[in-house]
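# Topology and contacts: notes
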Amino acid sequence: MSSDRPVMPARPAGYGDFLVDIKKQIRQCQHQALRAVNKELLALYWWLGENISRRQSEEGWGKSVVENLAADLQAEFPGRNGFSVQNLWAMRQFYGEYKDKPILQSLIGEISWAKNLLIMARCKDDLEREFYLRATARFGWTTKVLQHQLDNQSYRQYLSGQTNFDAAVPESVKAQAMLAVKDHYTFDFLGLADAHSERELEEALVRNLRRFLDEMGGYFAFVGNQYRLEADGKDYFIDLLLFHRRLRCLVAIELKIGEFKPEHKGQIEFYLDQLDQHHRLDGENPAIGIVICRSKTRTVVEYALRTTNHPLGIATYTVTPQLPADYRNDLPSPEQIAERLKGWGEMDGEGAGV
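Residues numbered from 1 in each chain as written. Predicted model: local features only at pLDDT ≥ 70, side-chain atom pairs only at ≥ 80, totals over all residues. Heavy atoms only, no water.

As named in an unreviewed UniProt entry, the chain is Nuclease of restriction endonuclease-like (RecB) superfamily, taken from Methylomonas methanica.

### Examining the overall build of the chain
Helix and strand counts for the chain stand at 15 helices and 7 strands. Taken along the three principal axes of its C-alpha coordinates, the chain extends 80 × 75 × 35 Å. Taking all 354 residues of the chain together, the buried fraction comes to 43%. Contacts in the chain between residues at least 24 apart in sequence constitute 66% of all its contacts with a sequence separation of at least 6. In the structure as shown, the chain presents an accessible area of about 19400 Å², 50% of it carried by carbon and sulfur atoms. Across the chain, the mean location of the 44 positive side-chain charges is 3 Å away from that of the 49 negative side-chain charges. (Helix = DSSP H or I, 4+ residues; strand = E, 2+ residues; numbered from the N terminus. Buried < 20%, exposed > 50% of the residue type's maximum accessible area, 1.4 Å probe, protein only. Contact = heavy atoms within 4.5 Å. Areas by Shrake-Rupley, 256 points an atom, 1.4 Å probe, with all protein chains shown as cover. Lys, Arg positive; Asp, Glu negative; His and termini not counted. Charge placed at Lys NZ, Arg CZ, Asp CG, Glu CD.)

### Quick look at the pattern of salt bridges
Per the stated rule, a full pass over the model turns up 17 salt bridges. In this structure, lysine 296 and aspartate 183 form a salt bridge, with 2.6 Å as the shortest nitrogen-oxygen distance. Of the two residues, lysine 296 is situated in the loop between strand 6 (288-295) and helix 14 (298-306) and aspartate 183 in the loop between helix 10 (174-180) and strand 2 (184-186); the sequence distance between them amounts to 113 residues. We classify lysine 296 as buried; its relative accessible area is 11%. Look at the salt bridges and you will find they share partners, linking Asp183, Lys296 and Arg298 into a network. (Salt bridge = Lys/Arg side-chain N within 4 Å of Asp/Glu carboxyl O.)

### Looking at unusual backbone geometry
Notably, glutamine 226 is not glycine yet its phi reads approximately 50 degrees, a positive angle. Note that glutamine 226 resides in strand 3 (residues 220-231). Residue class for glutamine 226 comes out partly exposed when judged on its relative accessible area of 25%. Its identity is not glycine, yet aspartate 232 carries a phi of approximately 55 degrees, on the positive side.

### Looking at helix 14
What helix 14 keeps buried is the set Val301, Ala304 and Leu305. In a view along the axis of helix 14, the buried residues occupy a sector of 95 degrees, so they form one face of it. Every exposed residue of helix 14 that faces more than 90 degrees away from the buried side is listed here: Tyr303 and Arg306. (Arc of directions from axis to C-beta.)

### Some points on the domain arrangement of the chain
Partitioning the chain into domains gives domain 1 (28-148) and domain 2 (164-169 + 177-322). Spacing between the C-alpha centres of domain 1 and domain 2 amounts to 40 Å. Taken together, the contacts link 4 residues of domain 1 with 4 residues of domain 2. At the boundary of domain 1 with domain 2, total buried surface from both sides reaches about 380 Å², with 63% on carbon and sulfur atoms. Run the count over domain 1 and domain 2 and you get 0 salt bridges. On inspection of domain 1 and its partner domain 2, the count reaches 1 residue pair in polar contact (both at pLDDT 80 or more). (Domains from an automatic or database assignment. Buried area = accessible area lost by both parts, 1.4 Å probe. Polar contact = N/O pair within 3.5 Å; in protein donor to acceptor, adjacent residues only side chain to side chain.)

### Quick notes on the packing of helix 5 (residues 113-122) against helix 6 (residues 126-139)
Between helix 5 and helix 6, whose axes approach to 10 Å, the crossing angle comes to 155 degrees. One element, helix 5, and the other, helix 6, form an angle in the roughly antiparallel class. As helix 5 packs across helix 6, the resulting crossing turns out to be right-handed. Along the contact surface, helix 5 presents Lys115, Asn116, Ile119 and Met120, while helix 6 presents Arg129, Tyr132, Leu133 and Thr136. (Axes fitted to C-alpha atoms, helices over the stretch in contact; angles between N-to-C directions. Parallel < 35°, antiparallel > 145°, perpendicular 65-115°, else oblique. Left-handed = near helix turned anticlockwise from the far one by under 90°.)

Take a look at the structure:
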């Protein structure tokens, strides 16, 4: 049977690699074009906000000018929601909030208008805004993910978290790793009594798996509970084993219903050794450990983390929405926060999106 489909000529040697390079270049150009358009749009909104503010200040124009301007612009540019009354007021606020803040000005053009509005509305502290501006651009957070990170208090979690990731995690994923592990988890969805066993806690988390993974903060996949390890003919069991898709590593979780003790570190270090030697696949990063306990003394945790080379984080949990009393005052000083954010360096576009 004949066919009208043209016969494709044979592809020469090296054609596949050439095609991959072309596709990569096209995607990079498309992304750069989107970023350029976004920056131009943000520059326009900044200019509008600046000029509205200046006219009102210098020429005494009242609030009604914004309503008039919105009506005239929408008539001239129908279908453009960007020129609504609400959006014009937001542009004026946008300019007013950032006009004297050069560091933040350098960051706002890296993300979309909708994400800027969300950060501006939810964050009143300049350092907190800087954190979310940098993280949104660097990790390509969508508006929905940004909303989740804000609800999750990721800024506070990032700054107060107790891990040794600065020394034990590859530089390429360090910032993402520090965002992936919280300092405190709220398991109020479990319906557990305040007094419960470790097994009851584990089983309740598995029964409420989707909400548990949501509380962990995203990008986690469930591997198993009571995950079996074998060493020298003996069996050992990890309470919960997850996989972090962004970090590309296994995450071993040990649950403790009491206070963190230094010996807990030795237990999870053993598990991480076994995972790295016998369970880690090619291309995956070394496993991370998280001890989630009922309470901890921050000084004890600091001493424990100094003497381990394995990536390890120590966190607390409650089964009610209330945070531990000492958690609220654990943020570093503004100077220390600014120094830590500087450590992120210039945004490298890793997963960046507008």
